[in-house]
Amino acid sequence: MEKQQEEVILLDYWASMFGMRVRIALAEKGIPYEYSEQDLRNKSQLLLDMNPVHKKIPILIHKGKPICESSIIVEYIDEVWNDKAPLFPSDSYAKASARFWANFIDTKLYQIGRNLCTLKGEEHEASKNEFIDCLKLLEGELGDKPYFGGDNFGYLDVSLIPFYSWFQAYETYGKIDFEQECPKLMNWAKRCIKNKESVSNTLPDMQEILAFVRRMRKIFGIDD
Ligand code: GS8
């Protein structure tokens, strides 16, 4: 165990919901690591060497070897540090289902959220409805459970909760009232923050994310 805890480095960027997943998983497991904030507009040689395929963060470097893609990193963490806070259920069907929904978040929710913050006019209106539909589907999957993982905070909770820190930005630019649209999901998010230090210590202030999106919109010429 001592050996496995050695040499854990995370290449990350503070506002990245994908990076937050990894930070939450590492905190859940109590793994000490070196955090290395990356400049995504001027990528370090280390970042390029460790993820030459996608050139993206987060990257977990464990004993000198890189693991890329947040979902894969979280699975890796759960597998390697398997003595504490299991993130996956042991049941194969529940495991497949958690992976299915995490994939839905990556392929749908993320992209639509991005559109919400960057598009205008009719396309913007369409993404607003699509975003609400996605959240409602996720709310259906949560059902009456305290967490997506059931009684315990698990893989799908880790996958989704970072998006909550972007909700103020989505609310502002998407003009969505989340409390009204998906109250159960909002209660779930508040429950995670209240009960899980791994989450409350990781998620950045929503206002900071909003200010970040505001800056990005200026840089990309969406706003004057
Ligand atoms: C996505 C990582 C990603 O988009 C994952 O890890 O789950 N599917 C991957 N990383 C972004 C920052 S967060 O928006 C990134 O590194 N972007 C740099 C770039 O695109 O050049």
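Anything mentioned here points back to the structure above.
Residues numbered from 1 in each chain as written. Predicted model: local features only at pLDDT ≥ 70, side-chain atom pairs only at ≥ 80, totals over all residues. Heavy atoms only, no water.

## A word on the nonpolar core
For step 1, the next point in the chain: Core analysis: the largest hydrophobic core is formed by 72 residues, its most contacted members being Ile161, Tyr170 and Trp188.
For step 2, the next point in the chain: Ranked by residue count, the leading element in this core is helix 4 (residues 92-118), at nine residues.
For step 3, the next point in the chain: For this core, the domains that each give at least three residues are domain 1 (8-80) and domain 2 (92-219).
For step 4, the next point in the chain: Excluding its chain neighbours within four sequence positions, the residues that come into contact with tyrosine 170 are Met17, Gly113, Leu116, Cys117, Phe131, Phe163, Lys175, Ile176 and Phe178. (Core = buried A, V, L, I, M, F, W, Y, C linked by side-chain atoms within 4.5 Å. Buried < 20%, exposed > 50% of the residue type's maximum accessible area, 1.4 Å probe, protein only. Helix = DSSP H or I, 4+ residues; strand = E, 2+ residues; numbered from the N terminus. Domains from an automatic or database assignment. Contact = heavy atoms within 4.5 Å.)

## A closer look at the site of the ligand
For step 1, the next point in the chain: Taken together, Ser16, Phe18, Leu40, Lys43, Lys56, Ile57, Pro58, Glu69, Ser70 and Tyr110 make up all the residues around the ligand.
For step 2, the next point in the chain: Glutamate 69 is positioned such that a nitrogen or oxygen atom in its side chain is 2.7 Å from a nitrogen atom of the ligand.
For step 3, the next point in the chain: Here an oxygen atom of the ligand sits 2.6 Å away from a polar atom, N or O, in the side chain of serine 70.
For step 4, the next point in the chain: Against a free-state accessible area of 530 Å², the protein chains account for coverage of 75% of the ligand.
For step 5, the next point in the chain: When atom positions are compared with the pocket grids, the ligand is found to occupy the largest pocket. (Near = heavy atom within 4 Å. Polar contact = N/O pair within 3.5 Å; in protein donor to acceptor, adjacent residues only side chain to side chain. Areas by Shrake-Rupley, 256 points an atom, 1.4 Å probe, with all protein chains shown as cover. 1 Å grid on protein atoms, 1.4 Å probe; cavity = no way out; pocket = protein on both sides within 12 Å on 5 of 7 lines; lining within 4 Å. Sits in = over half its atoms within 2 Å of the grid points.)

## Considerations on the layout of surface pockets
For step 1, the next point in the chain: Volume-wise, the largest pocket comes out at about 1,100 Å³.
For step 2, the next point in the chain: Considering the residues around the largest pocket, the lining is formed by 33 residues, among which Ser16, Phe18, Leu40, Tyr110 and Arg114 are closest to the centre.
For step 3, the next point in the chain: For the lining of the largest pocket, the secondary structure elements donating two or more residues are helix 1 (17-29), helix 3 (70-80), helix 4 and helix 11 (206-219).
For step 4, the next point in the chain: Take the lining of the largest pocket: its biggest share by element is six residues, from helix 4.
For step 5, the next point in the chain: Class assignment for the residues of the lining of the largest pocket results in 17 nonpolar, seven polar and nine charged. (Points joined across faces, edges and corners; volume = space filled by probe spheres on them. Nonpolar A, V, L, I, M, F, W, Y, C, P; charged D, E, K, R; others polar.)

## Quick notes on the sheet that holds strand 1 (residues 8-12)
For step 1, the next point in the chain: With respect to topology, four strands assemble into an open sheet ordered 2-1-3-4, the strand pairing being mixed. Each edge of the sheet is formed by a strand with only one pairing partner; in this case those strands are strand 2 (34-37) and strand 4 (65-68). Averaged over all adjacent pairs, the angle separating strand axes in this sheet is 20°, with direction ignored.
For step 2, the next point in the chain: Relative to strand 4, strand 3 (residues 59-62) is paired through four bridges, and the arrangement is antiparallel. Residue pairing across strands places histidine 62 opposite lysine 65, the latter belonging to strand 4.
For step 3, the next point in the chain: Contacting strand 1, strand 2 and strand 3, helix 1 crosses the sheet at an angle of about 155° to strand 1. (Pairing = 2+ DSSP bridges. Axes fitted to C-alpha atoms, helices over the stretch in contact; angles between N-to-C directions.)

## Structural notes on empty space enclosed by the protein
Think of a ball as big as a water molecule: rolled over the atoms, this probe shows where empty space is left.
For step 1, the next point in the chain: The tally for this structure, following the rule as stated, stands at one cavity of 30 Å³ or more.
For step 2, the next point in the chain: Its volume calculated, the largest cavity comes out at about 40 Å³.
For step 3, the next point in the chain: In terms of lining residues, the largest cavity is bounded by Leu160, Phe163, Tyr164, Phe167, Leu185, Met186, Trp188 and Ala189.
For step 4, the next point in the chain: Elements with a contribution of two residues or more to the lining of the largest cavity: helix 6 (155-164) and helix 9 (183-195).
For step 5, the next point in the chain: Counting residues per element, the lining of the largest cavity draws most heavily on helix 9, which supplies four residues.
For step 6, the next point in the chain: Grouping the amino acids of the lining of the largest cavity by side-chain chemistry returns eight nonpolar, no polar and no charged.

## Let's talk about helix 7 (residues 167-174)
For step 1, the next point in the chain: Within helix 7 the residues assigned to the buried category are Phe167, Ala169, Tyr170, Tyr173 and Gly174. Here the buried residues of helix 7 occupy an arc of 155° about the axis, which is enough to place them on one side.
For step 2, the next point in the chain: Once helix 7 ends, the next one or two residues include lysine 175, with phi positive near 50°. (Arc of directions from axis to C-beta.)

## Some details on the packing of helix 5 (residues 121-142) against helix 9
For step 1, the next point in the chain: Interaxial distance between helix 5 and helix 9 falls to 9 Å at its minimum, and their mutual angle equals 70°. Looking at the two axes, helix 5 sits roughly perpendicular to helix 9. The chirality of how helix 5 crosses helix 9 is left-handed. Where helix 5 approaches helix 9, its residues Leu135, Leu138, Glu139 and Leu142 are matched on the opposing element by Pro183, Lys184, Leu185 and Trp188.
For step 2, the next point in the chain: Each residue belonging to the contact of helix 5 with helix 9 can be placed in one class, and the counts come to six nonpolar, no polar and two charged. (Parallel < 35°, antiparallel > 145°, perpendicular 65-115°, else oblique. Left-handed = near helix turned anticlockwise from the far one by under 90°.)

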